[in-house]
Amino acid sequence: MELEGSQTLAAAPDQVWAALFDRDVLAQAIPGCETLEQTSETSFSAMVKLKIGPVSARFKGDVELSDIDPGRSCTLSGKGSGGIAGFAKGAARVTLTPEGPQTVLDYTADVAVGGKLAALGNRLIKATAQKLTGEFFANFNTALTHEENAPAA
C-alpha cells in the first residue's frame, strides 16, 4: 500500500531536520507512543499502542534512517510486530523544501501489513494510516512550534 503527502511545517528546514532526529520531539509526535529509545545516531526502537478498527495492540518496532542528505532528505525504514495482531513494515522517503519561514515536507511511503491487520482490508488500513499520519504531523508541528518558543537553556 502506498501513501504520499505533503505537510507545511512552521519552522525552517534546519529546525525540522533536527527535530526528525530528536527523540523527545518524536516521542511527543508519534500517536500512541509509550516508549522511544534512540539506539544509535540513526535508529530508534519504540513501543506504540494503537487501535486499528477492532484490533487494539501494542507494537514493538524499530526505525532506521538512511540515504541521508543532511537538511534535505532521508529514508525511514521500519518494521513492527503486534504479536497476534500482526505486523507492519515499510519505508518512507522524506524531502524538505524551504518555503519562506516555513518548510514543506513531502513524503512517499510503501507499507505492508500481515496477520489480523491484513484481514481488516486495505481501505480500513489506509484510512487509519492517513489518520495517524495527520496526528503525527499535527503533534510534530506543535512540538516544533513549542521548541521554537522555548527559552534558551
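Computed from a prediction, not measured in an experiment: that's the story for all the values here.

1. Looking at the confidence of the model for the protein
Keep in mind that low pLDDT regions are not for reading the predicted coordinates in detail. Mean pLDDT for the protein: 89, with 95% of residues reaching 70 or above. Averaged pLDDT values over the elements of the protein bottom out at 82 in helix H3 (residues 116–119) and peak at 94 in strand S2 (residues 33–40).

2. Looking at the pairing of strand S4 (residues 55–69)
With ten bridges joining them, strand S3 (residues 43–52) and S4 adopt antiparallel strand pairing. Looking at the pairing, valine 48 lines up with phenylalanine 59 of S4. In this structure, the hairpin formed by S3 and S4 is closed by a connection of two residues, where glycine 53 is found at a positive phi of approximately 60°. By the bridge criterion, eight bridges tie S4 to strand S5 (residues 73–81) in an arrangement that is antiparallel. When the sheet's bridge partners are listed, aspartate 62 is paired in S5 with lysine 79. The antiparallel hairpin formed by S4 and S5 contains three residues in its connecting segment, where glycine 71 sits at a positive phi of about 80°.

3. Description of the environment of alanine 11
Mapped onto the fold, alanine 11 is located in the loop between strand S1 (2–9) and helix H1 (13–20). Measuring from C-alpha to C-alpha, the distance between alanine 11 and valine 104 comes to 9.4 Å, with 93 residues separating the pair along the chain.

4. Concerning the pattern of salt bridges
A complete count under the given rule lists four salt bridges for this structure. Here glutamate 135 makes a salt bridge to lysine 131, at a shortest N to O gap of 3.0 Å. A residue pair is termed a helical-turn pair when its members lie 3 or 4 positions apart in one helix, as glutamate 135 and lysine 131 do in helix H4 (residues 122–149) at four residues. The exposure class assigned to glutamate 135 is partly exposed, which follows from its relative accessible area of 29%. Residue lysine 131 is classed as exposed on the basis of its relative accessible area of 53%.

Here is what the cut-offs are and how they apply
- Residues numbered from 1 in each chain as written.
- Predicted model: local features only at pLDDT ≥ 70, side-chain atom pairs only at ≥ 80, totals over all residues.
- Heavy atoms only, no water.
- pLDDT = per-residue confidence, 0-100.
- Helix = DSSP H or I, 4+ residues; strand = E, 2+ residues; numbered from the N terminus.
- Pairing = 2+ DSSP bridges.
- Salt bridge = Lys/Arg side-chain N within 4 Å of Asp/Glu carboxyl O.
- Buried < 20%, exposed > 50% of the residue type's maximum accessible area, 1.4 Å probe, protein only.

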